[in-house]
Amino acid sequence: MNLSDKKRALKMFQYGLYILTARATDPKESMPYAAATVTWVSQASFEPPLVMVGIRNESWANEAVKQSKSFALNVLGKNQKAMASKFFKEVHLDGNKINGCEFETGVTGAPLFLEANAALECSVEERIEKGDHTVVIGKIVNARLNAAEDEPMLLRDTGWSYGG
Ligand SMILES: Cc1cc2nc3c(=O)[nH]c(=O)nc-3n(C[C@H](O)[C@H](O)[C@H](O)COP(=O)(O)O)c2cc1C
């Protein structure tokens, strides 16, 4: 295989940006919540309504999703690059804010950010551990729209890169 071609072909994939959240049953240093900016997300079925997401094995997000068997995808709009950049690193809880972003708790216990365009809550149907990321298949159990604005943030417009 030509590795450079593989990398370039994979970089042609289009992605949106999401903040994946979950509430762990066994908090890490008294932090029950995980919140990580992710891009490897896709719808996977109409009926039942499934989505899939690739989560880095070594992350707190992966551990929290594994523990809670549920997660939320907070869908970011095209003007929310600053918000996305707050969740590339460790999370801190301050009242009802995580890394400075206000949230409410969803039916799964996952934080739903008020600023995000929308949120989908999922129960975990399956976790597939094959590579350095775990493919998590989730069934949508709750959906909420926060903003009339529905233009999504696209990875290619941010100048960031994840994939290849
Ligand atoms: C542009 C970009 C996209 C990312 N997409 C993903 C992704 O799809 N899945 C993932 O697990 N991590 C992704 N990450 C890395 C996570 O944001 C980062 O590992 C995470 O916030 C750390 O979370 P933790 O505290 O749970 O370990 C991405 C990072 C960047 C810069």
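Residues numbered from 1 in each chain as written. Predicted model: local features only at pLDDT ≥ 70, side-chain atom pairs only at ≥ 80, totals over all residues. Heavy atoms only, no water.

Draft legend 1. The arrangement of the site of the ligand in detail. Of all residues adjacent to the ligand, which total 17 residues, the nearest are Thr37, Gly54, Arg56, Ala61 and Phe87. One nitrogen or oxygen atom from the main chain of Trp40 is found 2.9 Å from an oxygen atom belonging to the ligand. Its free accessible area being 640 Å², the ligand has 87% of it covered by the protein chains. Contributing elements (two or more residues each) for the shell around the ligand: strand 2 (31–38), strand 4 (50–56) and helix 2 (60–68). Split by residue class, the shell around the ligand holds eleven nonpolar, five polar and one charged. (Near = heavy atom within 4 Å. Polar contact = N/O pair within 3.5 Å; in protein donor to acceptor, adjacent residues only side chain to side chain. Areas by Shrake-Rupley, 256 points an atom, 1.4 Å probe, with all protein chains shown as cover. Helix = DSSP H or I, 4+ residues; strand = E, 2+ residues; numbered from the N terminus. Nonpolar A, V, L, I, M, F, W, Y, C, P; charged D, E, K, R; others polar.)

Draft legend 2. Looking closely at the sheet that holds strand 1 (residues 18–28). The strand order 2-1-5-10-11-4-3 describes an open sheet built from seven strands, whose pairing is antiparallel. The sheet is open, and its two borders are formed by strand 2 and strand 3 (41–45), each paired with just one other strand. On average, adjacent strands in this sheet sit at an angle of 35° to one another, irrespective of strand direction. One ladder, built from seven bridges, connects strand 1 with strand 2; its direction is antiparallel. The residue bridging Tyr18 from the neighbouring strand is Val38, located in strand 2. Each of strand 1, strand 2, strand 4, strand 5 (70–75), strand 10 (118–129) and strand 11 (133–145) touches helix 2; the most contacted strand, strand 1, lies at about 65° to it. (Pairing = 2+ DSSP bridges. Axes fitted to C-alpha atoms, helices over the stretch in contact; angles between N-to-C directions. Contact = heavy atoms within 4.5 Å.)

Draft legend 3. Seen up close, the packing of aromatic side chains. Summed over all chains, the structure comprises five aromatic pairs. Residues Tyr33 and Phe103 carry aromatic rings whose centres are separated by 5.2 Å and whose planes lie at 70° to one another, so their mutual orientation is edge-to-face. One end of the pair, Tyr33, is in strand 2; the other, Phe103, is in strand 8 (residues 101–105), with 70 residues separating them in the sequence. With relative accessibility at 7%, the residue Tyr33 sits in the buried group. With centroids separated by 5.1 Å and ring planes inclined at 50°, the aromatic side chains of Phe87 and Phe113 adopt a geometry described as tilted. With Phe87 in the loop between helix 3 (81–85) and strand 6 (93–94) and Phe113 in strand 9 (residues 111–113), the pair connects residues that are 26 residues apart, well separated along the chain. Residue classification places Phe87 among the buried positions, given a relative accessible area of 2%. For Phe113, a relative accessible area of 0% corresponds to the buried category. Over the ring of Trp160 we find Lys81, and its NZ or CZ is 5.1 Å from the ring centre. (Phe/Tyr/Trp six-rings, centres within 6.5 Å; stacked < 30°, edge-to-face > 60°. Buried < 20%, exposed > 50% of the residue type's maximum accessible area, 1.4 Å probe, protein only. Lys NZ or Arg CZ within 6 Å of the ring centre and 35° of its normal.)

Functional significance is not addressed by these values, which are geometric in nature.
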